[in-house]
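Below, each chain spelled out in residue letters.
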Amino acid sequence: MNEQTAIDRTQRDYSAAVKKALERKPQLYIDGAWVDSSGGETIEVEDPSSGKIVSRFVEATDKDIDRAVAAARTAFDDGRWRNMPPVMREKIMHKLADLIEEHADELAELEAIDVGKPKGMAAAVDVPGAASHIRFCASWASKITGETVAPYTMPGGMLFAYTLKEPVGVCAQIVPWNFPLLMACLKIGPALGAGCTTILKPAEQTSLTALRLADLVHEAGVPAGVFNLVTGYGHTGGDRLVKHPDVDKVAFTGSTEIGKLINKNATDTLKHVTLELGGKSPVVVMPDVDVASTGPGVAGAIFFNSGQVCVAGSRLYAHKSVFDDVIEGMHQTKDFWAPRPSLDPDAHMGPLVSKEQHERVMNYIEAGKRDGAAVLMGGDAPSSDGGYYVNPTILTDVNPQMSVVREEIFGPVVVAQRFEDLDDVVRDANDTQYGLAAGVWTKNLAAAHQIAAKLQAGTVWVNTHAMIDVAIPFGGYKESGVGREQGREGIEAYLQTKSVVMKMD
């Protein structure tokens, strides 16, 4: 039987805890309390596995945004968080991580319903990753230090100089729809660890886990005003935050197009900015690989989370001697990655997040076909009753001028190309506006180091893909972003340095 008709794509029933969360009154979390909006507009929550509307949340007004910023400003200026003993801040943040873990099943289900990703994947990746970000950053609360400095041009003993590391202030944090909970914690973790106050704005497509996160922040004992949550559209609420004069820093993850606009608007008040933007990540497969493991590995690099990943391995360059075998290995994963409803326990890939995203991906596939690309796998949407499914797709016979090669599709679509010469493939891999990540598959460690040094990317994986850890800095080259998140650099992005110089006589 054809696999498209064999799969039941009817979404499963929701748990009692999730039904309760979906029925909550649409409100905003401002200054330590759930409050009504000053307006009456709401935004629908759609389950992309079924296309059904399952909840609503607030579309924040300008007045709501201003209230949230004012609360964060007051909380920062009076020092209720930044001046709290580091041991207490750390304790509260660990409590928050504990609560995330205690509610892991509910959070994973909410994420699955909201984004369309399999619940099992959310339970294995998103929720533990969110808790890890909070824990890692909690440990920094007691480890932020300055240093004494010996002046270079002055006699010894004339001056005493030292530096202080201080929190940057009020932070507007705007997160994407593909990993809502994980990205929210990736943003608020370093801000809270550094002593900042925050206003979190989740994506308008996926705000469910952010709303539950606010409940847990409150329960953990984070003081009023230190964390605030506003929901709504990016072009209204997000734009208001970026331009607000009382916001000191903007951290954004999303498309390069919107990132450029945010960077431009933040310049008017010279805000600190961290941007993690788009990607079109190359994956280079050398002739010496173990094809049996490489085929499934590079398939996972693109089909994980339905390809809705900024580091997705969407451009495959396999040496001509192994190209056919690698493609065959990818093709053999077709049933594994066949899209299913997000609450199906057998799901490894779910639907795309929305009708808009579904249309975008299908339009790219059709454009590729028109431009002459051959479809070796997928290239279509399976039948369903309302869900936004796209079959995992491999395109070949492509050239660098095609939109499917140059532009970020953000779906389960890989363009596969042969290569012979190493210098040529490195040149082709770098022939992009993006530089977020790349992958190399080889048994030759010397070759791996040599290629990694030549690739223009913020992260290069060898014999794996998308292995992201909170301790390892993450960010992009070129138009893939500004600054770094995670690790020590991620904390320092929320700090500024003050020099103190004292004459000793």
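In this text, all values refer to a predicted model and were calculated from it rather than measured experimentally.

Time to look at the overall build of the chain. Within the chain, the regular secondary structure consists of 17 helices and 20 strands. Against the globule reference of 23 Å for 505 residues, the chain gives a C-alpha radius of gyration of 24 Å, in line with a compact fold. When its C-alpha atoms are laid out on the principal axes, the chain stretches across 80 × 60 × 40 Å. When the accessible surface of the chain is totalled, it reaches about 20,400 Å², and 51% of it is carbon and sulfur.

A word on the packing of aromatic side chains. Scanning the entire structure with this criterion turns up 8 aromatic pairs. Arranged with centres 5.4 Å apart and planes meeting at 90°, the rings of Trp-177 and Phe-410 form a pair that is edge-to-face. Highlighted residues: Trp-177 in the loop between strand 7 (170–174) and helix 7 (180–194) and Phe-410 in the loop between helix 14 (403–406) and strand 16 (413–419), separated in sequence by 233 residues. Grouping aromatic residues by their ring pairs yields a cluster made of Tyr-29, Trp-34 and Phe-227. Residue placement shows Arg-9 over the ring face of Tyr-389; its charged tip is 5.5 Å from the ring centre.

Right, let's talk about the sheet that holds strand 6 (residues 159–167) for a bit. Taking strand neighbours across the sheet as the criterion, the 3 strands line up as 5-6-20 in an open arrangement whose pairing is antiparallel. Of all the strands in the sheet, the pair left with one neighbour each is strand 5 (148–149) and strand 20 (495–503).

Another aspect to go through is the side chain of Ser-306. Relative to the elements of secondary structure, Ser-306 occurs in the loop between helix 11 (291–303) and strand 13 (315–319). Setting aside residues no more than four positions away along its own chain, Ser-306 makes contact with Met-349, Gly-350, Pro-351, Leu-352, Gly-411 and Pro-412.

UniProt records the feature "domain: Aldehyde dehydrogenase" (unreviewed entry) at residues 34–500, using the numbering of this structure. Summarising residues 34–500: 39% helix, 19% strand, and an end-to-end C-alpha distance of 41 Å.

So, about the pairing of strand 10 (residues 249–253). In terms of burial, strand 10 is a largely internal element, 5 of the 5 residues being buried. Side-chain alternation along strand 10 places Lys-249, Ala-251 and Thr-253 on one buried face and Val-250 and Phe-252 on a second face that is also buried. Here strand 7 runs beside strand 10; their pairing, made up of 4 bridges, is parallel. Looking at strand 10, one finds that Ala-172 is bridged to Val-250. By the bridge criterion, 5 bridges tie strand 10 to strand 11 (residues 272–276) in an arrangement that is parallel. Residue pairing across strands places Ala-251 opposite Thr-274, the latter belonging to strand 11. Taken together, strand 10, helix 10 (residues 256–266) and strand 11 constitute a β-α-β crossover, and its handedness is right-handed.

Moving on, we come to the UniProt feature "active site" (unreviewed entry) in the chain. Residues given the UniProt feature "active site" (unreviewed entry) here are Glu-276. Relative to the helices and strands, Glu-276 resides in strand 11.

Trans is the prevailing form of peptide bonds, just as negative phi is the prevailing case for residues other than glycine. In this structure, Asp-31 takes a positive phi of about 55° despite not being glycine. Its identity as a non-glycine residue notwithstanding, Asn-463 has a phi of 60°, on the positive side. For Asn-463, the location among the structural elements is in the loop between strand 18 (459–462) and strand 19 (481–482).

Judged by pairing direction, the sheet is mixed, and its 7 strands sit side by side in the order 14-15-16-13-12-17-18 without closing on themselves. Strands with a single pairing partner mark the edges of an open sheet, and in this sheet they are strand 14 (374–377) and strand 18. Sheet twist, expressed as the mean angle between neighbouring strand axes with direction ignored, is 25°. Note that strand 14 and strand 15 (residues 393–396) share 3 bridges and pair antiparallel.

Below, the discussion takes up helix 13 (residues 355–370). In this model, helix 13 (16 residues) spans 22 Å end to end at C-alpha, consistent with the 22 Å of a helix rising 1.5 Å per residue. Looking only at helix 13, the buried set comprises Gln-357, His-358, Val-361, Met-362, Tyr-364, Ile-365, Ala-367 and Gly-368. Against the buried residues of helix 13 lie strand 15, helix 14 and strand 16. Where helix 13 ends, the next residue or the one after it, Gly-372, has phi of about 110°, a positive value.

Viewed as axis vectors pointing N to C, helix 5 (residues 104–115) and helix 7 meet at an angle of 115°, and their least axial separation amounts to 9 Å. Between helix 5 and helix 7, the angle is such that the two are roughly perpendicular. Two secondary-structure elements touch here, helix 5 through Leu-107, Glu-111 and Val-115 and helix 7 through Pro-180, Leu-181 and Leu-182. Residues belonging to the contact of helix 5 with helix 7 are distributed by class as follows: 5 nonpolar, no polar and 1 charged.

Further remarks concern helix 11. When the terminal C-alpha atoms of helix 11 are compared, their 18 Å separation across 13 residues agrees well with the 18 Å that a helix rising 1.5 Å per residue should span. Taken as a whole, helix 11 has its buried residues at Thr-294, Gly-295, Val-298, Ala-299, Gly-300, Ala-301, Ile-302 and Phe-303. Looking at the residues trailing helix 11, positive phi occurs at Asn-305, about 55°.

A few words now on the environment of Ala-471. Examined against the element boundaries, Ala-471 turns out to sit in the loop between strand 18 and strand 19. A sequence separation of 423 residues divides Ala-471 from Pro-48, and the C-alpha atoms of the two residues are 33 Å apart. In contact with Ala-471, other than residues within four places in its own chain, are Phe-136 and Gly-487.

One finds Ile-100, Leu-213, Phe-227, Val-285, Leu-316 and Met-330 to be the most contacted residues of the largest nonpolar core, which totals 94 residues. Here the element with the most residues in this core is helix 7; it accounts for 10 residues. Domain assignment of the residues forming this core places at least three in each of domain 1 (16–277 + 481–499) and domain 2 (282–462). The residues contacting Leu-213, other than those within four sequence positions of it, are Leu-96, Ile-100, Leu-181, Ala-184, Cys-185 and Ile-188. Counting 26 residues, the second-largest nonpolar core is a separate cluster that includes Leu-28, Phe-252, Ile-262 and Ala-266.

Here we take up the state of the cysteines. Overall, the coordinates contain 0 disulfides when judged by the stated rule. The structure places no disulfide on Cys-185, whose sulfur is separated from the nearest cysteine sulfur, that of Cys-137, by 9.6 Å. For Cys-185, a relative accessible area of 0% corresponds to the buried category. The cysteine Cys-310 is free of any disulfide, with Cys-185 supplying the nearest cysteine sulfur at 17 Å. When its relative accessible area of 15% is taken as the criterion, Cys-310 is described as buried.

What counts and what doesn't
Residues numbered from 1 in each chain as written. Predicted model: local features only at pLDDT ≥ 70, side-chain atom pairs only at ≥ 80, totals over all residues. Heavy atoms only, no water. Helix = DSSP H or I, 4+ residues; strand = E, 2+ residues; numbered from the N terminus. Rg over C-alpha atoms; globule rule 2.2 N^0.38 Å. Areas by Shrake-Rupley, 256 points an atom, 1.4 Å probe, with all protein chains shown as cover. Phe/Tyr/Trp six-rings, centres within 6.5 Å; stacked < 30°, edge-to-face > 60°. Lys NZ or Arg CZ within 6 Å of the ring centre and 35° of its normal. Pairing = 2+ DSSP bridges. Contact = heavy atoms within 4.5 Å. UniProt positions renumbered as here; feature names shortened; annotations may be inferred. Buried < 20%, exposed > 50% of the residue type's maximum accessible area, 1.4 Å probe, protein only. Right-handed = clockwise from strand over helix to strand, strands pointing away. Axes fitted to C-alpha atoms, helices over the stretch in contact; angles between N-to-C directions. Expected span 1.5 Å × (residues − 1). Parallel < 35°, antiparallel > 145°, perpendicular 65-115°, else oblique. Nonpolar A, V, L, I, M, F, W, Y, C, P; charged D, E, K, R; others polar. Core = buried A, V, L, I, M, F, W, Y, C linked by side-chain atoms within 4.5 Å. Domains from an automatic or database assignment. Disulfide = S-S within 2.5 Å.

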